[in-house]
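# Remarks on the overall topology
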Amino acid sequence: MNDLAPRTLTTADDLARAGLITEDERGDVVRVTARYALAVPPAVHDLLRNAEYAPALRRQFIPSPQELESSPGENADPIGDHAHAPVKGIVHRYPDRALLLPTLTCAVYCRFCFRREDVGSQGVLSPAEMDAALDYIRATPAIWEVILTGGDPLVLSARRIGEIMRALDDIPHVQVIRVHTRVPVAMPERIDAGLIAALKSTGKAVYVAVHCNHADEISPAMRAACGRLSDAGIPLLAQTVLLRGVNDSVETLETLMRGLVATRIKPYYLHQLDYAPGTGHFRVPVEEGRALVKALRGRVSGLAQPTYILDIPGGAGKVPLTSGYVSAADDGSFAIEDPSGNLHAYPTRAE
Ligand SMILES: *Cc1c(COP(=O)(O)O)cnc(C)c1O
Ligand code: SF4
């Protein structure tokens, strides 16, 4: 590699040399990175260099000693993936859809990651492991949708992605392929013609769900990358994690959701933070999250409303945490609360 080419920062020394941490912080970062993977690719480094952007982004990507503290309820496998892994690289919890994890490498390591005990060094599925994972999908006709996740599937080469797409294309019961990725934010330059051609090398419906937590992640390069995907006919969704100190105000959420919709990305889920180890400093209580989502409902377009979602600890699945707008009265009618908090009677129809 050219010495002058920007490269991904992966150690405390790299961060110190880049001026992203001080000498005093270096020891803490060494301790954290002994346990959890670190990667700050050039596009994220560019975002972090912008002083106006720094606080919300720094918190997501620069290690903190708080990651070594544990809080009640935290668990190395917070949403029970391991209990639903019939073969390596597959998580199958809902009958009609399965996760396929071709790699546990990511473009950037989010400090609050729910799979933080798994992502990082464990690399990609071997060809034999990938064959076994695909065999499981082939042999399970109930699987209608395959969700490529990880790790980040878009760190794989276009050639590997094309191979996976074509293998899924050959499985008749698989109708939809969804790709969960942070690459448009963290390595937007990867979304090039070759990668898009690979994603399109299947006749199946392909959706891309972009992980994005703050409007400042919507850089010109990220917008351009998402524009290339949309122009190629790939619908884009967004997943956001509700995070203390990053996006825990209605103004911040409003700016993010408007930014996503204006980038042709439909907000899909706002995730309640999972109980992964060392993430207590990011946790926003559910009641606060519900109030934020309710306030958002009163302020922005329906296009800009994600579903506030909880993955039940232990593996029971996802459920919406959306605030209640409807309460039943004794006489069988309903009280409906509008965005300003006023109640309206709503009669139920007689049978
Ligand atoms: C989150 C998740 C899905 C996808 O759920 P949707 O509600 O369809 O987005 C599928 N399988 C597993 C195991 C999951 O954790
Ligand atoms: S990109 Fe996703 S899987 Fe990777 S570290 Fe971030 S949250 Fe975890």
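Remember, it's a predicted structure, so these values are computed and weren't measured experimentally.

## Quick word on the site of ligand 1
Near ligand 1 you find Val 91, Arg 93, Tyr 94, Arg 97, Leu 99, Ile 147, Arg 178, Tyr 268, Tyr 269, Asp 311 and Lys 318, and these make up its full shell. Contacts to ligand 1 include Arg 178, whose side-chain N or O atom sits 2.9 Å from an oxygen atom. Take Tyr 268: an N or O atom from its side chain is 2.6 Å from an oxygen atom of ligand 1. Within the complex, 92% of the 390 Å² of free accessible area of ligand 1 lies under protein. Mapped onto the shell around ligand 1, the elements with two or more residues apiece are β1 (90-94), β2 (97-100) and β7 (265-271).

## Some points on the sheet that holds strand β11 (residues 334-337)
Taken together, three strands build an open sheet; the order of strands is β10-β11-β12 and the sheet is antiparallel. At either margin of the open sheet sits one strand with a lone partner, and together these are β10 (326-328) and β12 (343-346). Across the sheet, the mean angle separating the axes of adjacent strands is 30° when strand polarity is ignored. Looking at chain direction, β11 and β12 are connected through four bridges and run antiparallel. Following the sheet pairing, Phe 334 is matched in β12 by Tyr 346.

## Description of helix α4 (residues 54-61)
Within the span of α4, buried status applies to Ala 54, Ala 56, Leu 57, Gln 60 and Phe 61. Those residues of α4 that are buried lie in contact with α3 (42-49).

## Things to note about the pattern of salt bridges
The full count for this structure, using the stated rule, is 29 salt bridges. Between Glu 25 and Arg 58 there is a salt bridge, with its nearest N and O atoms 3.8 Å apart. Of the two residues, Glu 25 sits in helix α2 (residues 23-33) while Arg 58 sits in helix α4, which places them 33 residues apart along the sequence. A salt bridge links Asp 231 to Arg 264; the shortest N-O distance between them is 3.0 Å. Here Asp 231 is found in helix α9 (residues 220-231), whereas its partner Arg 264 is found in the loop between α10 (250-262) and β7, with 33 residues between them in sequence. Taking the relative accessible area as the measure of exposure, Asp 231 reaches 60% and is therefore exposed. Linked through salt bridges whose partners overlap, the residues forming this network are Asp 81, Arg 93, Arg 115, Asp 311 and Lys 318.

## Regarding the site of ligand 2
What surrounds ligand 2 is the set Cys 106, Val 108, Tyr 109, Cys 110, Cys 113, Val 119, Gly 151, Arg 182 and His 211. Here ligand 2 is seated within the largest pocket. In terms of residue class, the shell around ligand 2 is made up of six nonpolar, two polar and one charged.

## Observations concerning the pairing of β1
Counting buried positions along β1 yields four of five residues, so the element is predominantly enclosed. Looking at chain direction, β1 and β2 are connected through three bridges and run antiparallel. Across the sheet, Ile 90 pairs through a bridge with Leu 100, a residue of β2.

## Brief notes about the packing of α10 against helix α11 (residues 286-297)
α11 packs onto α10 with a crossing angle of 55° between their chain directions and a minimal axis gap of 10 Å. By the angle between their directions, the pair α10 and α11 is classed as oblique. α11 is crossed by α10, and the crossing has right-handed handedness. Contacts between α10 and α11 involve Val 250, Leu 253, Glu 254 and Met 257 from the former and Leu 292, Ala 295 and Leu 296 from the latter. Split into classes, the residues belonging to the contact of α10 with α11 amount to six nonpolar, no polar and one charged.

Conventions used here
Residues numbered from 1 in each chain as written. Chains lettered and ligands numbered in written order. Predicted model: local features only at pLDDT ≥ 70, side-chain atom pairs only at ≥ 80, totals over all residues. Heavy atoms only, no water. Near = heavy atom within 4 Å. Polar contact = N/O pair within 3.5 Å; in protein donor to acceptor, adjacent residues only side chain to side chain. Areas by Shrake-Rupley, 256 points an atom, 1.4 Å probe, with all protein chains shown as cover. Helix = DSSP H or I, 4+ residues; strand = E, 2+ residues; numbered from the N terminus. Pairing = 2+ DSSP bridges. Axes fitted to C-alpha atoms, helices over the stretch in contact; angles between N-to-C directions. Buried < 20%, exposed > 50% of the residue type's maximum accessible area, 1.4 Å probe, protein only. Contact = heavy atoms within 4.5 Å. Salt bridge = Lys/Arg side-chain N within 4 Å of Asp/Glu carboxyl O. 1 Å grid on protein atoms, 1.4 Å probe; cavity = no way out; pocket = protein on both sides within 12 Å on 5 of 7 lines; lining within 4 Å. Sits in = over half its atoms within 2 Å of the grid points. Nonpolar A, V, L, I, M, F, W, Y, C, P; charged D, E, K, R; others polar. Parallel < 35°, antiparallel > 145°, perpendicular 65-115°, else oblique. Left-handed = near helix turned anticlockwise from the far one by under 90°.

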